[in-house]
Amino acid sequence: MKPLAMRDFDPRDREPVLEIWRDAFLGDDAEPSEEWFCLPGARLFVWEREGEICATARVHEFQASRGEARLSCGGLAVVAVALPVRRTGVGAQVVRECLSWMRAERFLLSSLYAFREGWYRSLGYEVCGRRWKVTVPASGLPSVETALTVREVSADDWRLLEPCHGAWIRRYSGMNPRTEERWNKVLVPAGKPHTILAAGDPVEVYVVLRSTGEFSGEQVISEAVWATPAGYRSFLDILAKVGMNRSRISWYEPPDLPYLVEHFDADVGVCLARPIMFRVNDVPGALRSLRPDAEGEFTVEVMDAALPENRGPWAVRFKPGEVDVTAAASAEIALDIRAFSQALLGQPSLRALASAGRVASWSESALGAAAALMPESEVYCLEFF
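## Side note on the state of the cysteines
Considering all chains together, one arrives at 0 disulfides under this definition. Here Cys128 stays unpaired: no disulfide links it, and the sulfur of Cys73, its closest cysteine neighbor, is 10 Å away. Just so you know, Cys271 is unpaired, no disulfide at all, and the nearest cysteine sulfur is the one on Cys381, 18 Å from it. Judged by relative accessible area, which is 38%, Cys271 ranks as partly exposed.

Rendered as structure tokens:
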């Protein structure tokens, strides 16, 4: 089979790329905006064979929080293969070459939303954290008292939302500190502003929603973030306001799922939804980027078929605010890249993975040191791409 060549998208590639996307996920009649081809903060690649474009992929430039650390993260999207060459290994080659490119460009992590999680697991990705979808009949929303006044804000006032959003960056691993371009993408998708409601001064909660013309149907909340318990109570008040002419409301909550603490009943629907997958592209680089508040040392080996340079073994020594990683002769802990990626972000934790048989350890002290460097942390991500 003739070799594939990876290169940047060129405007002259538009029609063959669009044909691939229509077959893959857009449909025959779709006409995507120009943002699909030239998106700020992202890089679109194509693969060609003998002058014919046969695959695409895009890498978004994000970060992922982990305690005080911020790790560069490439969000992988629009992985698509032309119909005639599907099931020939082209898709796997596309992802592997994207991983190599991201590693060379110092993206320590990669994330994605999979069309099929099992396929991406074969390339080292794994689901981290939990995203819950909550659906409640509007008539069943709780009545709450709140001292915070709800107001509508403009997308131009995104800086008012940043401290509230920043509280989640500190609370959950996997969160992306947003640029102005990213805020604009979230609040004004495709140039159509969403409604933004906020409460508190400074803002303790904000809600992003798109009003629909479907009278009395379901209202989907695009994004909801709260910084305090009072902010969450105001969030419930906002839901009640929005739900006055809707049959039901649905929204996403992070792993700790505060709605269930006090308001669960038989009419509430709760399910895991839209799982995000992460993988580490550079094991020593990712470890060095952590900012621990403990000290210790251990050796570790990481199996990674797509990026074998991650294997090691690695000697890891750390103290508050600093991690040193060097080559080692042997390892006290061994795990594959999927489990390592989960442990690095913190959910499932290293201890939970070891209990599930996903981690091999020949030293309890080494396992304890690794768990101190990578403590349990709930993982969440607000970005959809």
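Additional details are given in the paragraphs that follow.
## Points about the side chain of Gln219
In this fold, Gln219 is placed in strand 11 (residues 218-226). By relative accessible area, Gln219 is classed as buried at 2%. Engagement of the side chain of Gln219 in a polar contact is seen with the side chain of Arg246, the distance being 3.4 Å. The contact partners of Gln219, leaving out residues within four places of it in the chain, are Leu209, Arg210, Ser211, Val242, Arg246, Arg248, Ile249 and Ser250.

## With respect to the sheet that holds strand 16 (residues 314-319)
With mixed pairing, the 5 strands of this open sheet are ordered in space as 17-16-15-18-19. Both edges of this open sheet fall to strand 17 (322-327) and strand 19 (359-361), since each of them pairs with a single strand only. On average, each strand axis in the sheet is inclined to that of its neighbour by 25 degrees, with strand direction left out of account. Sheet strands touched by helix 9 (residues 337-345): strand 15 (296-303) and strand 18 (333-336). Its angle to strand 18, the strand with the most contacts, is close to 105 degrees. Contacts between helix 11 (residues 364-373) and the sheet are confined to strand 15, strand 16, strand 17, strand 18 and strand 19, with strand 15 contributing the most and set at about 90 degrees to the helix.

## A word on helix 5 (residues 180-187)
Regarding helix 5, the residues found buried are Arg182, Trp183, Val186 and Leu187. End-on view of helix 5: buried residues confined to an arc of 125 degrees, all on one side of the axis. Buried-residue contacts for helix 5 involve strand 3 (52-66), helix 4 (162-171), strand 9 (195-199), strand 10 (205-209) and strand 11.

## As for unusual backbone geometry
Along the chain, Asp201 connects to Pro202 via a cis peptide bond; the corresponding omega equals 5 degrees. Topologically, Pro202 is positioned in the loop between strand 9 and strand 10. Note the cis peptide between Gly312 and Pro313, where omega equals 0 degrees. With respect to the helices and strands, the residue Pro313 is situated in the loop between strand 15 and strand 16. Phi at Arg274 is positive, roughly 45 degrees, even though this residue is not glycine.

## Observations regarding the pairing of strand 2 (residues 42-49)
A regular strand carries its side chains on alternate faces of the sheet. The pairing of strand 1 (residues 5-8) with strand 2 spans 4 bridges and is antiparallel. For Arg7, the partnering residue across the bridge sits in strand 2 and is Val46. Sheet analysis places strand 2 next to strand 3, joined by 8 bridges and oriented antiparallel. Residue pairing in the sheet places Phe45 in a bridge with Ala57 of strand 3. Between the antiparallel neighbours strand 2 and strand 3 lie 2 residues, among them Glu50 with a positive phi of about 50 degrees.

## With respect to the pattern of salt bridges
Counted under the stated rule, the structure contains 23 salt bridges. Put simply, Glu15 and Arg14 hold a salt bridge, and the shortest N to O gap is 3.5 Å. Taking the shortest distance from any N to any O, the salt bridge between Asp336 and Arg358 comes out at 3.3 Å. With Asp336 in strand 18 and Arg358 in the loop between helix 10 (350-355) and strand 19, the pair connects residues that are 22 residues apart, well separated along the chain. When salt bridges with common partners are traced through the structure, they connect Arg14, Glu15, Arg22, Glu31 and Glu34 into a single cluster.

Criteria and thresholds
Residues numbered from 1 in each chain as written. Predicted model: local features only at pLDDT ≥ 70, side-chain atom pairs only at ≥ 80, totals over all residues. Heavy atoms only, no water. Disulfide = S-S within 2.5 Å. Buried < 20%, exposed > 50% of the residue type's maximum accessible area, 1.4 Å probe, protein only. Helix = DSSP H or I, 4+ residues; strand = E, 2+ residues; numbered from the N terminus. Polar contact = N/O pair within 3.5 Å; in protein donor to acceptor, adjacent residues only side chain to side chain. Contact = heavy atoms within 4.5 Å. Pairing = 2+ DSSP bridges. Axes fitted to C-alpha atoms, helices over the stretch in contact; angles between N-to-C directions. Arc of directions from axis to C-beta. Salt bridge = Lys/Arg side-chain N within 4 Å of Asp/Glu carboxyl O.

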